[in-house]
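Notes for the structure review
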Amino acid sequence: MLSNLITRLDAAVQLGDAAAITARIKRELENAIHARGVTLPERFHRTRADGYARRLLHRSDTLGYTAVVMTWAPGQRTPLHDHAGIWCVEGVVEGRMDVTQYDLVEESSDSYRFEEKGCVHAAVGSAGCLIPPFEYHILANAIDRPSITLHVYGGEMSSCHVFEPLGDGRYVRRERALAYHE
Ligand SMILES: [Fe+2]
């Protein structure tokens, strides 16, 4: 049941520090998905042609966290992006995702350099944590069917930075506003 998961998330975000919170949420998400406790209403299954869909599942104003569902058509992916300094736990509810992590290794006034830290093939029921300053990655649907992911954020991510490759190993940073789809 979704309400059961929300109750458990409420308890987890009160643990104090980001490491403890994200470790607990990772466990709760993995358990809930394995126990088929994440059943999403039909609208969360709908993909969008113009890019991955991003829909709000739950917002706790008192505890200051949000749960967001993303729905990925085949071939859809994010650019390299940060998480605006907000911790996050991301779990695969359906399908399979490729998650490629990056470390920021150099920052100058007009460009950035990253080191790729490897790619994780995330199957249904697996979840990963992102704790700033280690908050750079690319998410991509790994299969030729839709995939669905559930993201729990320690706040509301209304914008983040995306990094566009210049082709010579450097990236430029752009601010991207993030909204929820229908
Ligand atoms: Fe992300």
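Being a predicted model, the structure only gives us computed values, none of them experimental.

Things to note about the sheet that holds strand S4 (residues 88-94)
As summarised here, the arrangement of the five strands in space is S1-S2-S9-S4-S7, forming an open sheet in which the pairing is antiparallel. In this open sheet, the two edge strands, each paired with only one partner strand, are strand S1 (53-60) and strand S7 (127-130). Between one strand axis and the next, the sheet turns through 20° on average, direction left out of account. Two elements, S4 and strand S9 (residues 147-153), share six bridges in a ladder whose sense is antiparallel. Following the sheet pairing, Val92 is matched in S9 by Thr149. Running at roughly 10° to S4, helix H2 (residues 18-34) makes contact with S4, S7 and S9 of the sheet.

Some thoughts on the packing of aromatic side chains
The tally for this structure, following the rule as stated, stands at seven aromatic pairs. When the centroid spacing of 4.4 Å and the interplanar angle of 20° are considered together, the rings of Tyr52 and Trp72 count as stacked. Within this pair, whereas Tyr52 is found in the loop between H2 and S1, its partner Trp72 is found in strand S2 (residues 65-72), the two being separated by 20 residues in sequence. For Tyr52, a relative accessible area of 18% gives the class buried. Measuring from ring centre to ring centre gives 5.8 Å for Tyr136 and Phe163, while their planes differ by 70°; the resulting arrangement is edge-to-face. Of this pair, Tyr136 sits in strand S8 (residues 136-141) while Phe163 sits in strand S10 (residues 159-165), and the two are 27 residues apart along the sequence. Here a set of aromatic residues connected by ring pairs shows up, and it is made of Tyr102, Tyr112, Phe114, Tyr136, Phe163 and Tyr171.

Here's the deal with the coordination of the iron ion
Ideal donor angles around a metal are set by the shape: a four-donor tetrahedron calls for 109.5 degrees, a six-donor octahedron for 90 or 180 degrees. Protein coordination of the iron ion is provided by His81 (NE2), His83 (NE2) and His137 (NE2), with donor distances spanning 2.0 to 2.2 Å. Within one chain, the residues donating to the iron ion are spaced in sequence as H-x1-H-x53-H. Of this pair, His83 sits in the loop between strand S3 (80-81) and S4 while His137 sits in strand S8, and the two are 54 residues apart along the sequence. Taking relative accessible area as the criterion, His83 reaches 1% and is therefore assigned buried. Residue classification places His137 among the buried positions, given a relative accessible area of 1%.

Procedures and definitions
Residues numbered from 1 in each chain as written. Predicted model: local features only at pLDDT ≥ 70, side-chain atom pairs only at ≥ 80, totals over all residues. Heavy atoms only, no water. Pairing = 2+ DSSP bridges. Helix = DSSP H or I, 4+ residues; strand = E, 2+ residues; numbered from the N terminus. Axes fitted to C-alpha atoms, helices over the stretch in contact; angles between N-to-C directions. Contact = heavy atoms within 4.5 Å. Phe/Tyr/Trp six-rings, centres within 6.5 Å; stacked < 30°, edge-to-face > 60°. Buried < 20%, exposed > 50% of the residue type's maximum accessible area, 1.4 Å probe, protein only. Donors = N, O, S within 2.8 Å, 3.2 Å for Na, K, Ca; no water.

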